[in-house]
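# Tertiary structure, described
Residue strings, one per chain:
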Amino acid sequence: MSNWALIIYCGLITYLTRFSMIALIKKEMFNDRIRQVLSYVPSAIFPAIIFPAIFLDNSGLILFKDNPKIIAAIIATIIGIFSRSIIATIFSGLASYWFTIFVV
Amino acid sequence: MTNFKVFLKGIIDVSPLMIPVVPFGLIFGVLAIDVGFSPLETIGMSLIVFGGASQIVLLQLFSGGASSLVIISSVGAVNSRHLLYGAVVSEHLSDLKLIWKIIISYFLIDQAYAISNEYLKKNKDQNRYFHLVGAGATCWVIWQSTTFLGIILGAAIPEKLGLSFAVPLTFLALLVNDFRKFINVIVIVVSGLVATLGYNYIPFKAYAIVAGLTGLLVAMIFTKMVKTNE
């Protein structure tokens, strides 16, 4: 598949989700149980992007030793828990990552 | 209020939420070039997809060599969280003409939805939808311009900085409100472990979908258990 076709299909599926939200889905279609489970979608899917990007090296092997990303992610998580701020989380993580690779 | 004033109010209300979007857009622009998309394709992606999480997931899986089918279904999985909003927002938008529903759908991103839902709840004016259009258009302008800036900056940013690390950090930041909830933490850890350990073994690089579904299953089991204990 060409890059453009890939982009268009991804755009289409994103658009259709949004359109179905306001045009097709009605409040009574979801009971409390489905709503409750759907509220866990971010917690279920985002770690699948987060964890491999932190714990795996470029060849896809698990890397624990000399991995500045782990400590930086832990610091970002702690800052995130206390600040509840998106920006503070991102920047504290980047700052501690750079501090580890450039200064330490 | 006139249509324009409601539109303007949408712009003003959504502005504080635009602060985190700026680095997100820059990072996207830089990374898209980095993983091998042309500047034109990168701009096209922001115009056609117009969704931060969708676009970053696309890049991440693309750079890992995932097949198109897996990338598209992962983008669908990421977007499924939006279905939840549908139950809430549709009741405010039900008397809208179809053509407006088609237009507004394009602008219905997290930030615009979050801020306009508050307004739509309190306001019953005929032209209240202009608030959503104003908020959405603001997000659109910020997203397109930061993407463009990222494409230009990308050439100037040294690879040594390891800016790709901003991807997991950005998604981590989107979960800040879930870190304090017990079941969410379990779901996060299980999904993360499945994705990391299965990265090399789950065929077609479908680890994101397998991990997501496992996480949801864990959520279903735990929420059920908590309910029965009550």
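Residues numbered from 1 in each chain as written. Chains lettered and ligands numbered in written order. Predicted model: local features only at pLDDT ≥ 70, side-chain atom pairs only at ≥ 80, totals over all residues.

## Concerning the domain arrangement of chain A
Split by domain assignment, chain A resolves into domain 1 (1–39) and domain 2 (41–104). Between domain 1 of chain A and domain 2 of chain A, the C-alpha centre-to-centre distance is 29 Å. (Domains from an automatic or database assignment.)

## Some points on the packing of helix H2 (residues 21–34) of chain B against helix H3 (residues 39–48) of chain B
The description of two helices packed together rests on the angle between their axes and the distance between the axes. Residue and element names in this part refer to chain B. Between H2 and H3, whose axes approach to 9 Å, the crossing angle comes to 135 degrees. By the angle between their directions, the pair H2 and H3 is classed as oblique. Note that H2 runs across H3; the crossing there is right-handed. Where H2 abuts H3, its residues Gly-29, Ala-32 and Ile-33 lie against Pro-39, Thr-42 and Met-45. The residue makeup of the contact of H2 with H3, split by class, is four nonpolar, two polar and no charged. (Axes fitted to C-alpha atoms, helices over the stretch in contact; angles between N-to-C directions. Helix = DSSP H or I, 4+ residues; strand = E, 2+ residues; numbered from the N terminus. Parallel < 35°, antiparallel > 145°, perpendicular 65-115°, else oblique. Left-handed = near helix turned anticlockwise from the far one by under 90°. Contact = placed C-beta atoms within 7 Å. Nonpolar A, V, L, I, M, F, W, Y, C, P; charged D, E, K, R; others polar.)

## Considerations on the interface of chain A and chain B
Listed per partner, the contact involves 61 residues of chain A and 74 residues of chain B. Broken down by secondary-structure element, the contributors of at least two residues to the side of chain A that touches chain B are helix H1 (3–23), helix H2 (32–38), helix H3 (41–45), helix H4 (47–55), helix H5 (68–83) and helix H6 (86–103) of chain A. With 18 residues, H1(A) is the single largest residue contributor to the side of chain A that touches chain B. A per-class count over the side of chain A that touches chain B returns 42 nonpolar, 13 polar and six charged.

## Some points on the nonpolar core
Core analysis: the biggest nonpolar cluster contains 99 residues, and A:Ile49 and B:Ala112 have the highest contact counts within it. The contacts of A:Ile49, once residues within four sequence positions are left out, are B:Val57, B:Gln60, B:Val167, B:Pro168, B:Phe171 and B:Ala208. (Core = buried A, V, L, I, M, F, W, Y, C linked by C-beta atoms within 7 Å. Buried ≥ 20, exposed ≤ 12 C-beta atoms within 10 Å, placed from the backbone.)

## Section: the environment of A:Ala53
Residue and element names in this part refer to chain A. As for its placement among the helices and strands, Ala-53 is situated in helix H4. Its 22 C-beta neighbours within 10 Å are what place Ala-53 among the buried residues. Along the backbone, Ala-53 and Lys-69 are 16 residues apart, and their C-alpha atoms lie at a distance of 8.7 Å.

## Quick word on the domain arrangement of chain B
Residues and elements named next belong to chain B. By the assigned domains, chain B splits into domain 1 (3–161) and domain 2 (175–229). Spacing between the C-alpha centres of domain 1 and domain 2 amounts to 25 Å. Taken together, the contacts link nine residues of domain 1 with six residues of domain 2. The dominant element in the side of domain 1 that touches domain 2, judged by the number of residues it contributes, is helix H5 (residues 68–79), at four residues. Of the residues belonging to the side of domain 1 that touches domain 2, the class tally is four nonpolar, five polar and no charged.

## Topic: unusual backbone geometry
For A:Asp66, which is not a glycine, the phi torsion comes out positive at approximately 50 degrees. Looking at the secondary structure, you find A:Asp66 in the loop between H4 and H5. Assessed through the 7 C-beta atoms surrounding it within 10 Å, A:Asp66 is described here as exposed. Its identity is not glycine, yet B:Phe50 carries a phi of approximately 45 degrees, on the positive side. Mapped onto the elements, B:Phe50 comes out in the loop between H3 and helix H4 (52–63). On the basis of neighbour counts, which here come to 23 C-beta atoms within 10 Å, the residue B:Phe50 falls in the buried class.

## Observations regarding the environment of B:Trp100
All names here are of chain B. Its location among the elements puts Trp-100 in helix H7 (residues 98–107). On the basis of neighbour count, Trp-100 is assigned to the partly exposed category, with 14 C-beta atoms found within 10 Å. Linking Trp-100 and Phe-4, residues 96 residues apart in sequence, is a C-alpha distance of 16 Å.

## Things to note about the packing of H4(A) against helix H10 (residues 166–174) of chain B
The geometry of H4(A) relative to H10(B) is characterised by a closest axis approach of 8 Å and an angle of 140 degrees between their N-to-C directions. Of the two possible hands of crossing, H4(A) and H10(B) adopt the one that is left-handed. Only B:Val167, B:Pro168, B:Phe171 and B:Leu172 of H10(B) make contact with H4(A), whose side of the interface consists of A:Ile49, A:Ile50, A:Ala53 and A:Ile54. For the contact of H4(A) with H10(B), the per-class residue count stands at eight nonpolar, no polar and no charged.

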